[in-house]
Amino acid sequence: KLVPSNSHRSISITNLSRCISTLILAEHESGSIKPQTVSTVVAANQLGEKSSSVSLLLAGSGSSLQEAASQAASCHPSVSEVLVADSDRFEYPLAEPWAKLVDFVRQQRDYSHILASSSSFGKNILPRVAALLDVSPVTDVVKILGSNEFIRPIYAGNALCRVRYTGAGPCVLTIRTTSFPVTPITESKKATISQIDLSNFKEDSVSRSRYVGQSTQDTERPDLGSARVVITGGRALKSVENFKMIEKLAEKLGGAVGATRAAVDAGYVPNDLQVGQTGKIVAPELYMAFGVSGAIQHLAGIKDSKVIVAVNKDADAPIFQVADYGLVGDLFEVIPELLEKLPEK
Ligand code: FAD
């Protein structure tokens, strides 16, 4: 449905709750859609009932984009359309052109909700989208109570806040994807794939950000945000060399490596491994913390883990208050013993 650019301003809240149409800004890499995007689709399905439709917007350039689009078309039965913006301008996820793109697409179709995952990608782009639309974004949503009512954590996860969106424009949300697990999909249904005509797309002539480079973690390991097992090391590891013990253990257990901010700041590992309030939020089946004190900013990132195991030589360390299994001991003794006793993968 084509509508004039400012039509969203006339959509009333009552209309919002009746007719939900969601645009999700999708994340993809090496020709595959990222798991957090599928979790965002799961969240979108909780916004409304039968009349709802979900469109995925993929931007980028080249054959890997088209491969990802093809995969996205069957990633979830509720996705009705995959919109593809194929241009060199979207080769890198810079907030300015991507936010403009979301606005460009929104001007042509009548979306009641615009979503992205609460990853560094979504957190980079969606606030700018909200600014362009002159609406307040609701960030880090952990529960959806209705089309305009959400729960989000505040004070580093120590309190949950119930937010009602009362704006007139589209409701812009970032989703904490660990709160919306994907159940196995049995239904096979393929959405339509449409290439977006970008001939009228205009970027700002002056861009405030410039792509410098990207370094990603070893692709052999599972992604930290969606791993079933996470092995984390803290400041107590003392060096880059010692941190390799954590990596070996993660390898044996088929898990991802995490770190506290203190370990990252000390330079033992890169900062994309940081877990916590200002790092990644994880929700694995098993979370093992070695030499981690359990500061609230760290706990904010691990609260949804199913089983937490902590090893710390201080029996009073706060991590033991949240751990399901705790061992008071020296990690330099415990980890080598674990490595020795665990079978090879
Ligand atoms: P420490 O607090 O120094 O703890 C080390 C622990 O190792 C101690 O409990 C000690 O008993 C134990 N230990 C020492 N030697 C051994 C041994 N041989 N064997 C076993 N145990 C041993 N932190 C995060 O992790 N993630 C975040 O996202 C984050 N965001 C923050 C945001 C803000 C705004 C602020 C102010 C802080 C943030 N922090 C964050 C930092 C946080 O407050 C803590 O400083 C940090 O988590 C501590 O890391 P740590 O547990 O590795 O180190």
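None of the values given here were measured: they were computed from a predicted structure.

Colleague: So what exactly am I meant to see when it comes to unusual backbone geometry here?
Modeller: Residues apart from glycine generally show negative phi values, whereas peptide bonds are mostly found in trans. Despite not being glycine, Tyr-155 has its phi angle at roughly 50°, a positive value. Summarising the element assignment, Tyr-155 is placed in the loop between β9 (149–154) and β10 (159–164). A relative accessible area of 65% means that Tyr-155 is categorised as exposed. The backbone of Ala-156 shows a phi angle near 50°, a positive value even though the residue is not glycine. Locating Ala-156 in the fold gives a position in the loop between β9 and β10.

Colleague: Which parts of the structure should I look at to understand the environment of Lys-34?
Modeller: As for its position among the elements, Lys-34 is in the loop between β3 (32–33) and α2 (35–44). Taking relative accessible area as the criterion, Lys-34 reaches 23% and is therefore assigned partly exposed. Each C-alpha atom, one on Lys-34 and one on Asp-223, is 9.6 Å from the other, the two residues being 189 residues apart in sequence. Other than its neighbours up to four places away in sequence, Lys-34 contacts Glu-27, His-28 and Glu-29.

Colleague: Hey, could you run me through the pattern of salt bridges in this one?
Modeller: Should the charged atoms of two oppositely charged side chains come close, the side chains can pair. Inspection of the entire model under this criterion finds seven salt bridges. Arg-164 is paired through a salt bridge with Glu-149; the nearest N and O atoms lie 2.9 Å apart. Separated by 15 residues along the polypeptide, Arg-164 in strand β10 and Glu-149 in strand β9 bring together distant segments of the chain. Look at Arg-164 and you get exposed, because its relative accessible area is 54%. A residue is classified by how much of its surface remains accessible, and Glu-149, at 12% relative accessible area, is buried. Residue Asp-265 pairs with Arg-261 through a salt bridge whose shortest N-O separation is 3.8 Å. Placement of both Asp-265 and Arg-261 in helix α7 (residues 261–265) is noted, with a separation of four residues, approximately one turn of the helix. Accessibility expressed as a relative area gives 49% for Arg-261, which makes it partly exposed. Linked by salt bridges that have partners in common, Glu-149, Arg-162 and Arg-164 make up one network.

Colleague: Explanation requested: the site of the ligand in the structure shown.
Modeller: Lining the immediate environment of the ligand, one finds 25 residues, of which Arg-235, Thr-260, Thr-278, Ser-293 and Gln-297 sit closest. Between an oxygen atom of the ligand and a side-chain N or O atom of Arg-235, the distance comes to 2.7 Å. The backbone of Gln-277 places a nitrogen or oxygen atom 3.0 Å from an oxygen atom of the ligand. Relative to its unbound accessible area of 980 Å², the ligand is 76% covered by the protein chains. Within the residue set of the shell around the ligand, elements represented by two or more residues are α7, α8 (296–299) and α10 (331–341). For the shell around the ligand, the class distribution of residues is seven nonpolar, 13 polar and five charged.

Colleague: What exactly am I supposed to notice about the packing of aromatic side chains here?
Modeller: Geometry of an aromatic ring pair is reported as the spacing of the ring centres plus the angle between the planes. Enumeration according to the criterion identifies five aromatic pairs in this entry. Pairing Phe-104 with Phe-201 gives two aromatic rings, centres 5.4 Å apart and planes at 80°, and the pair type is edge-to-face. Remark: Phe-201 occurs in the loop between β12 (192–195) and β13 (229–233) and Phe-104 occurs in helix α4 (residues 95–108); sequence separation between them is 97 residues. The exposure class assigned to Phe-201 is buried, which follows from its relative accessible area of 5%. Joined through ring pairs, the aromatic side chains of Phe-90, Trp-98, Phe-104, Phe-121 and Phe-201 make up one cluster.

Colleague: Would you explain the confidence of the model for the protein chain in this entry?
Modeller: Detailed reading of the predicted coordinates is not advisable wherever pLDDT is low. When the pLDDT values of the protein chain are averaged, the result is 90; 92% of them are 70 or greater. Low pLDDT, under 50, characterises residues 1–17; the predicted model gives this stretch 30 contacts beyond four residues in sequence or across chains. Two numbers describe this predicted complex: its pTM, 0.82, and its ipTM, 0.99.

Colleague: Which parts of the structure should I look at to understand the sheet that holds strand β6 (residues 113–117)?
Modeller: Across a sheet, paired strands are connected by hydrogen bonds in the backbone, their directions being either parallel or antiparallel. Read across the open sheet, the seven strands follow the order β7-β11-β6-β1-β4-β5-β12; overall the sheet is parallel. Of all strands in the sheet, those bounded by a partner on one side alone are β7 (138–141) and β12. Strand-to-strand, the axes of this sheet are offset by a mean angle of 25°, without reference to chain direction. One ladder, built from five bridges, connects strand β1 (residues 21–25) with strand β4 (residues 53–60); its direction is parallel. Bridged to Thr-22 within β4 is Val-54. On the sheet, α4 packs against β1, β4, β5 (79–86) and β6 and is oriented at approximately 140° with respect to β4. Taken strand by strand, helix α5 (residues 120–133) contacts β1, β6 and β11 (171–175), and its axis lies near 160° from that of β6.

About the thresholds
- Residues numbered from 1 in each chain as written.
- Predicted model: local features only at pLDDT ≥ 70, side-chain atom pairs only at ≥ 80, totals over all residues.
- Heavy atoms only, no water.
- Helix = DSSP H or I, 4+ residues; strand = E, 2+ residues; numbered from the N terminus.
- Buried < 20%, exposed > 50% of the residue type's maximum accessible area, 1.4 Å probe, protein only.
- Contact = heavy atoms within 4.5 Å.
- Salt bridge = Lys/Arg side-chain N within 4 Å of Asp/Glu carboxyl O.
- Near = heavy atom within 4 Å.
- Polar contact = N/O pair within 3.5 Å; in protein donor to acceptor, adjacent residues only side chain to side chain.
- Areas by Shrake-Rupley, 256 points an atom, 1.4 Å probe, with all protein chains shown as cover.
- Nonpolar A, V, L, I, M, F, W, Y, C, P; charged D, E, K, R; others polar.
- Phe/Tyr/Trp six-rings, centres within 6.5 Å; stacked < 30°, edge-to-face > 60°.
- pLDDT = per-residue confidence, 0-100.
- Pairing = 2+ DSSP bridges.
- Axes fitted to C-alpha atoms, helices over the stretch in contact; angles between N-to-C directions.

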